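# Tertiary structure, described
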Amino acid sequence: MKKYLLLTGLLLLLSCSDGGDDICCMTITDTFTVILKDKEGKDLLNPASPHCIVPDSIKLFYVVNNTEYEIYNPKSDSPRNFIVYKNMSDDLFSIQIYANHSPEEAFPITYIQWNPHDRDTVKCEFETKPISILLKKLWYNNVLRIDMEHDSTTEFEVIKTQ
């Protein structure tokens, strides 16, 4: 029995890597949350709203090496890299978006296409370390909305005038 335990322990030790290419324990903080309202203050993500933006019509595009890629992974829990949910504390609907964090880009760009005629631009700055990618700053339509040196939240409100 001791031989088997020793052999199992040895195999476990040998199967571990030095962590160089391991991403199993990598921390990625690339999400932000938007509360979307119209100019009257109505929740545009609430399905009961007459001018609701239907989640199925929202598309994300990432720019990598000057090429736009529509994000869609049908095998993912969030195939389009966003989740719309109802916030229980204030009954508002929010959208949590996974921003482009491509290492090829100094300031990765994410386009949010709310519908065929309404598109917003998100530009991010990340702090990249061997075991983490952390959101530092986020610009929404060229306006700084998140600066993690001064902000404790990655949630903000967007007013749509269209």
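So, here is what we can say about the structure in this document.

### A closer look at the overall build of the protein
Within the protein, the secondary structure is distributed over one helix and 11 strands. Ordering the α and β elements of the protein from the N terminus gives α-β-β-β-β-β-β-β-β-β-β-β. Looking at the protein as a whole, 35% of its 162 residues qualify as buried. Long-range contacts, defined here as pairs at least 24 residues apart, represent 48% of the contacts in the protein between residues at least 6 apart. Only carbon and sulfur atoms are counted for the fraction: they give 54% of the accessible area of the protein, which is about 10700 Å².

### Description of the nonpolar core
Formed by 27 residues in total, the largest nonpolar core has its most connected members in Phe32, Ile112, Leu138 and Tyr140. Among the secondary structure elements, those contributing two or more residues to this core are β2 (31-38), β3 (59-64), β6 (93-98), β7 (109-115), β8 (118-129), β9 (132-140) and β11 (155-160). Here this core takes four residues from β9, the largest share from any one element. In this structure Phe32 touches Ile95, Gln96, Ile97, Ala99, Ile112, Val122, Leu138, Ile146, Thr154 and Phe156, once residues within four positions along its chain are discounted.

### A look at the pattern of salt bridges
Tallied over the full model, the rule gives eight salt bridges. In this structure, the salt-bridge partner of Lys86 is Asp91, at a minimum N-O distance of 3.9 Å. Put simply, Lys160 and Asp118 hold a salt bridge, and the shortest N to O gap is 3.1 Å. One end of the pair, Lys160, is in strand β11; the other, Asp118, is in strand β8, and 42 residues separate them in sequence. Members of the salt-bridge network, linked through shared partners, are Asp118, Asp120 and Lys160.

### Observations concerning the side chain of Asn81
Mapped onto the elements of the fold, Asn81 is located in the loop between β4 (67-70) and β5 (82-86). Setting aside chain neighbours within four positions, we find Asn81 in contact with Leu60, Tyr62, Ile71, Gln96, Ile97 and Tyr98.

Quick notes on the rules
Residues numbered from 1 in each chain as written. Predicted model: local features only at pLDDT ≥ 70, side-chain atom pairs only at ≥ 80, totals over all residues. Heavy atoms only, no water. Helix = DSSP H or I, 4+ residues; strand = E, 2+ residues; numbered from the N terminus. Buried < 20%, exposed > 50% of the residue type's maximum accessible area, 1.4 Å probe, protein only. Contact = heavy atoms within 4.5 Å. Areas by Shrake-Rupley, 256 points an atom, 1.4 Å probe, with all protein chains shown as cover. Core = buried A, V, L, I, M, F, W, Y, C linked by side-chain atoms within 4.5 Å. Salt bridge = Lys/Arg side-chain N within 4 Å of Asp/Glu carboxyl O.

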